[in-house]
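Topology and contacts: notes
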Amino acid sequence: MRPLVSWMTKSDPALLEFFEETGIAMPPAVVSYNIDGVSHPTVKRRLPVLEDHGLLRKVDDDRGYYRITDQGRAYLEGELESDELESP
C-alpha cells in the first residue's frame, strides 16, 4: 500500500504513474497535455515538489524535463514508509 504523506495532493500519484507508464523524460507541458484530470498549472506546481522529495529528478534544467526516480518507483510499488517521504 502506498503511504499517505502530509505534503502530497491527490494528483501526485497520477503524475508519478504517468511517468512510470511512459518511461521517458518530459516537461510539464507534455505531461499536462497527455494526462487527464490534472491541469497545467497543477503539473507545473507539483513536479518540483515531487523532485524535492526524491520521487522525480530534473534531467534537463534548461528545458525542464523530469524523469521518475527509483524512489518514485518504490513509492508506486508501496515499498516506502511514510517517514521516508515526510521531509525532503
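In the block above lies the structure referred to throughout.
One structure accompanies this document, and this report is about it. This is a predicted model, so every value here is computed, not measured.

Okay, the pairing of strand 2 (residues 65-68) next. Side chains Tyr 66 and Ile 68 of strand 2 all project onto a buried face; the interleaved residues Tyr 65 and Arg 67 project onto a face where none is buried. Examined bridge by bridge, strand 1 (residues 56-60) and strand 2 share four bridges and lie antiparallel to one another. Pairing of Asp 60 across the sheet is with Tyr 65, part of strand 2. Following strand 1, the chain reverses through four residues before pairing antiparallel with strand 2; Gly 64 in that reversal takes a positive phi of roughly 75°.

By size, the foremost hydrophobic cluster in this structure holds 23 residues, and its most contacted members are Leu 16 and Leu 55. Only helix 1 (11-22), helix 3 (40-52), strand 2 and helix 4 (70-76) provide two or more residues apiece to this core. The element best represented in this core is helix 1, accounting for four residues. Sequence-distant contacts of Leu 55, defined by excluding residues within four places in its chain, comprise Trp 7, Met 8, Leu 16, Leu 50, Ile 68, Thr 69, Gln 71, Gly 72, Tyr 75, Leu 80 and Leu 85.

The next point concerns a negative patch on the surface. Together, Glu 81, Asp 83, Glu 84 and Glu 86 make up a negatively charged patch on the protein surface. Within the fold, Asp 83 resides in helix 5 (residues 83-86). The exposed category is assigned to Asp 83, whose relative accessible area is 59%.

Criteria and cut-off values
- Every chain begins its residue count from 1, and numbering advances along the sequence as written.
- Only residues with pLDDT of 70 or above have their local features reported here, since the model is predicted, and side-chain atom pairs are shown and tallied only from 80 upward, although totals for entire chains, interfaces and linings are computed over all residues.
- For side-chain calculations, the full set of non-hydrogen atoms in the structure is used, while hydrogens and water are omitted.
- Per-residue accessibility, obtained with a 1.4 Å probe over protein chains only, is compared with the maximum for each type, and a residue is labelled buried under 20%, exposed over 50%, and partly exposed between these values.
- Numbering goes from the N terminus for both helices and strands, where a helix is a DSSP run of H or I of at least four residues and a strand is a run of E of at least two.
- Here, a strand pair is defined by DSSP locating no fewer than two bridges between the strands.
- Buried Ala, Val, Leu, Ile, Met, Phe, Trp, Tyr and Cys residues that are joined via side-chain atoms within 4.5 Å together make up what is termed a nonpolar core.
- Residue contacts follow a heavy-atom distance rule, with two residues in contact if any of their heavy atoms lie within 4.5 Å.
- Residues forming no salt bridge and having over 30% relative accessible area are the ones grouped into patches, like charges within 9 Å of each other and nonpolar side chains (Val, Leu, Ile, Met, Phe, Trp, Tyr) within 5 Å.
- Computed with a 1.4 Å probe, the accessible areas rest on the Shrake-Rupley method; for each residue, only the protein chains presented here act as cover.
- The salt bridge definition used is simple: a Lys or Arg side-chain nitrogen within 4 Å of an Asp or Glu carboxyl oxygen.
- Only four residue types enter the charge count: Lys and Arg as positive, Asp and Glu as negative, with His and the chain ends excluded.
- Here the site of a charge means atom NZ of a Lys, CZ of an Arg, CG of an Asp or CD of a Glu.

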